[in-house]
Structures are given as C-alpha cells and as structure tokens.
Amino acid sequence: MAEENWEDLYDRTCGRLLLFARQYVSNAEDAEDILQEAFVKFWKNREIGLKEERQIARLYGCVRWVALDWLKKNGRREKREMSAVNDAALNDQGKWFSCPVEKEERAEATQVALDGLSESQREVVALKIWGELTFDAIGEALGISPNTAASRYRYALSALKSNLNLCAYARNG
Amino acid sequence: MRETDKSIEAQLASLAPKAPSEKLKGRIAQRLSNESDREASPKRRSRVVAFAVLAAAASLAVVLKFSVTPEVAENTRGVEVAQNTKLEAEYLAPQLREVEFVANGFEAVDRVREVLAAEESPVFLLENGQPAQSVYVRYLDTVLMENVDTRTSVMIASPREEYRVVPVVTY
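**Overview of the overall build of chain A**
Then comes step 1: Across its full length, chain A holds eight helices and one strand.
Then comes step 2: The linear arrangement of helices and strands in chain A, starting from the amino end, is α-α-α-α-β-α-α-α-α.
Then comes step 3: Looking at the 173 residues of chain A, the share that counts as buried comes to 54%.
Then comes step 4: Of the contacts formed within chain A by residues at least 6 apart in sequence, a portion of 67% connects residues at least 24 apart.
Then comes step 5: When the accessible surface of chain A is split by element, carbon and sulfur atoms take 46% of a total near 7,800 Å².

**Examining the nonpolar core**
Then comes step 1: Ranked by internal contacts, the top residues of the largest apolar core, which has 64 residues, are Val125, Trp130 and Leu160 of chain A.
Then comes step 2: The element that contributes the greatest number of residues to this core is helix H3 (residues 52–73) of chain A, accounting for ten residues.
Then comes step 3: Here Leu160 of chain A is in contact with Ala113, Leu114, Leu117 and Val125 of chain A together with Ile8 and Leu12 of chain B, once residues within four sequence places are set aside.
Then comes step 4: In this structure, Phe101, Val143, Met145 and Val154 of chain B belong to the second largest nonpolar core, which totals six residues.

**Digging into the confidence of the model for chain B**
Low pLDDT marks regions whose predicted coordinates should not be analysed in detail.
Residue and element names in this part refer to chain B.
Then comes step 1: Mean pLDDT over chain B works out to 70, with 61% of the residues at or above the 70 mark.
Then comes step 2: In the model of chain B, strand S2 (residues 79–84) stands out as the element of lowest mean pLDDT, 36, in contrast to strand S1 (residues 16–17), which has the highest, 93.
Then comes step 3: This stretch, residues 40–52, has a pLDDT under 50; its non-local contacts, to residues over four places away or in other chains, come to 14 contacts.
Then comes step 4: In this model, residues 61–95 is a region of pLDDT below 50 whose contacts with residues beyond four sequence positions or in other chains number 81 contacts.
Then comes step 5: What the predictor reports for the complex is a pTM of 0.66 with an ipTM of 0.82.

**Structural notes on the confidence of the model for chain A**
Then comes step 1: The predicted model of chain A has a mean per-residue pLDDT of 85, with 83% of residues at 70 or higher.
Then comes step 2: Every residue in residues 79–89 of chain A is under pLDDT 50, and counting partners more than four places away or in other chains gives 18 contacts.

**Quick word on the packing of helix H1 (residues 6–21) of chain A against helix H6 (residues 119–130) of chain A**
All names here are of chain A.
Then comes step 1: The N-to-C vectors of H1 and H6 enclose an angle of 165 degrees; their axes lie 9 Å apart at closest approach. Taken together, the axes of H1 and H6 lie roughly antiparallel to each other. As for how H1 packs across H6, the hand of that crossing is right-handed. Contacts between H1 and H6 involve Arg16, Leu19 and Phe20 on the former and, on the latter, Glu123, Ala126, Leu127 and Trp130.
Then comes step 2: A per-class count over the contact of H1 with H6 returns five nonpolar, no polar and two charged.

**Section: unusual backbone geometry**
Most of the time, phi is negative for any residue but glycine, and the peptide bond is trans.
Then comes step 1: A positive phi angle, close to 55 degrees, is found at Glu132 of chain A, a residue other than glycine.
Then comes step 2: Given the relative accessible area of 41%, Glu132 of chain A is considered partly exposed.

**Remarks on the pairing of strand S7 (residues 152–167) of chain B**
All names here are of chain B.
Then comes step 1: Sheet analysis places strand S6 (residues 131–147) next to S7, joined by 16 bridges and oriented antiparallel. Looking at the pairing, Ser134 lines up with Val165 of S7.
Then comes step 2: Count of turn residues in the S6/S7 antiparallel hairpin: four residues, of which Arg151 carries a positive phi of about 55 degrees.

**Considerations on the pairing of S6 of chain B**
Residues and elements named next belong to chain B.
Then comes step 1: The buried fraction of S6 is high, at 14 of 17 residues.
Then comes step 2: Across twelve bridges, strand S4 (residues 107–120) lies against S6 in antiparallel orientation. The residue bridging Glu120 from the neighbouring strand is Val135, located in S6.
Then comes step 3: Direction of pairing for strand S5 (residues 124–125) relative to S6: antiparallel, over a ladder of two bridges.

**A word on the side chain of Arg46 of chain A**
All names here are of chain A.
Then comes step 1: Looking at the secondary structure, you find Arg46 in the loop between helix H2 (28–45) and H3.
Then comes step 2: Given a relative accessible area of 10%, Arg46 falls into the buried group.
Then comes step 3: A distance of 2.6 Å separates a polar side-chain atom of Arg46 from the backbone oxygen of Trp43.

Calculation notes
Residues numbered from 1 in each chain as written. Chains lettered and ligands numbered in written order. Predicted model: local features only at pLDDT ≥ 70, side-chain atom pairs only at ≥ 80, totals over all residues. Heavy atoms only, no water. Helix = DSSP H or I, 4+ residues; strand = E, 2+ residues; numbered from the N terminus. Buried < 20%, exposed > 50% of the residue type's maximum accessible area, 1.4 Å probe, protein only. Contact = heavy atoms within 4.5 Å. Areas by Shrake-Rupley, 256 points an atom, 1.4 Å probe, with all protein chains shown as cover. Core = buried A, V, L, I, M, F, W, Y, C linked by side-chain atoms within 4.5 Å. pLDDT = per-residue confidence, 0-100. Axes fitted to C-alpha atoms, helices over the stretch in contact; angles between N-to-C directions. Parallel < 35°, antiparallel > 145°, perpendicular 65-115°, else oblique. Left-handed = near helix turned anticlockwise from the far one by under 90°. Nonpolar A, V, L, I, M, F, W, Y, C, P; charged D, E, K, R; others polar. Pairing = 2+ DSSP bridges. Polar contact = N/O pair within 3.5 Å; in protein donor to acceptor, adjacent residues only side chain to side chain.

Here it is in structure tokens:
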C-alpha cells in the first residue's frame, strides 16, 4: 500500500468503519468512540508496505477488537433487541444509512433486517457488502477461516431475505 | 437463487453508510497530534522474512494441490461451484478444475475436508491369511478461491469416495 496520510484513509473509510462499529453497539456516540480509539491504535501501529487489502482488514480487525474490549469494560454485552430498532420512526441518531427521502423506508427495513441477524453474520455482511473485502481479508479481520466467512455470508444472505420479506409483509399487511 | 442473491446484494450495496460526525475527525487529529512526539514506529517487515513466509505458503499450496487433485480427478462425481461477485451456486461440468481458476488469476485461500460417511466391512481374510477390513469413506473437499483483483470468490466442493483395505491387528 502506497503510504497515504491518515486523513485520506479516514475520509474514504470512516462511514463504512462506523457502520461496522455499529454492529457491536447500538448507540451512535459509543460507535464513534470505538472508531476513534481503533483508528488511532491502527495508525500508530500500522505496518508499512503491506498490501492495501491487508491494511484495511487490519483496520477493521482493530475496530472489532476495540468494540469487544469496550463491551467487556462496560460490564455488559449489549442485547440488541429488534423491538428497539423496530421503532416506527428511527431518529437521525439511530440511522445507519444516509439516503434520499425516497429510499428511507427501504433503508429502515434493511437496518431492521440486519439487526435481526446474529452478530457473527452481521460482521461478515458489513465487511463483504460495504467493506468490499474478500473472504480471505474478512477471515483475517475476524480471526476465522475464509471458508467460515463464506459460509456465514451465505447463511446471512438467506436470513436477510427472510427478514426483509417479513418486514415487507408487516408493512403491507 | 442466484438472481435473488444478486438482487439482495445490490439492494444492500445501494445504501450508503452514514458518515460519522465531523467532530470525530477533529478528535482523532488531536489524539494523533498529542502522540506525535512519540513518533509512530511502524514495523518494517524484512524482505528476507517476507520471502520466507511466501515461499513456505507457496510450498504448502503445492503440496496440498498435488495431494488432493489426483484423487479428486479420479473420483469426482460433480463439481458444485459457488461463484460470486458476491456468492452464488451453480453446477458446472465435472471437468472444471481448480487449475482452470488458477489460470484465471484465482488463488486458493482455504481448504476444508469433511468426512460425510464412513463404513467398515466385517473382518475377512486376505489370500495370505491376514485379516483385513474394507473401509469406505466419503469426503467433501471444499476449496475457496479468490481473485483479489476482481474481488470474485469461487467455492469448489467435490465429493470423493475412498475404498481401502486395511490390515486388522488381532490380539
């Protein structure tokens, strides 16, 4: 990876990293605290000369590690209740995606469907879809084999389809 | 199945993650600035170590390839390929092999061998009078291959059967 300054790296990855952090904590402010800590740790300890994808995988790995550590230090494992996310009007703080008004309903339905997945499935989906990582890189970020990452991804897509269908059914009656 | 997978992936990818607040970047800048007197000392991987690691990985890949492929070539009943820009499954002709994907820039990143079934026959006597058993094992060999440049993944799953006659030690 040609050495870029931290601001360029931050600017092009911050949204995706924040979305990834939000797979562990539901509160936006907590997710930003995690992202801040993880990014600083990553930048201080980065290895020069690694291929870009490996660098990015390590950055995501750092976010995950800081998030899990944060959860441990706070003495609780946040229970992500679908009912909390299912609130009729997600306020701006609670939204994971920014989109035009005509896509808001779909974005909310997607967020609810994602929230219905297990944490291990959400991680892989976030890294594959928005992180655009290969399964090899996902494996490195999460400390699992690429094959396991691929399997989790397939199951997650299948579960997402069901969850999205349920959301559509609930909306349309 | 493929079309709905692509459809849901496209639907997800069309949503842009929300950016953090602007003050977060400032906080990170402040933290990095405060720690800049302790100059970041990025570890530099020595070329010798890097080449040694790459050589070891290449050797392992060659060993795995030659130990797995001949048996797969003999006994493969069919090949299930999950191919994606994200992930899909389709059945392709049995003659499609891992080597063809390698020729197209794919690398094997993971291999899994699962034992699906195992049976052993009753003990019988060989011509030389030695007791033996026939052991049947059915495996599923799965290799995950990725092309980093195109960000495409392929999963090749090949069922394989083995029959072996093994001597039985009696006491």
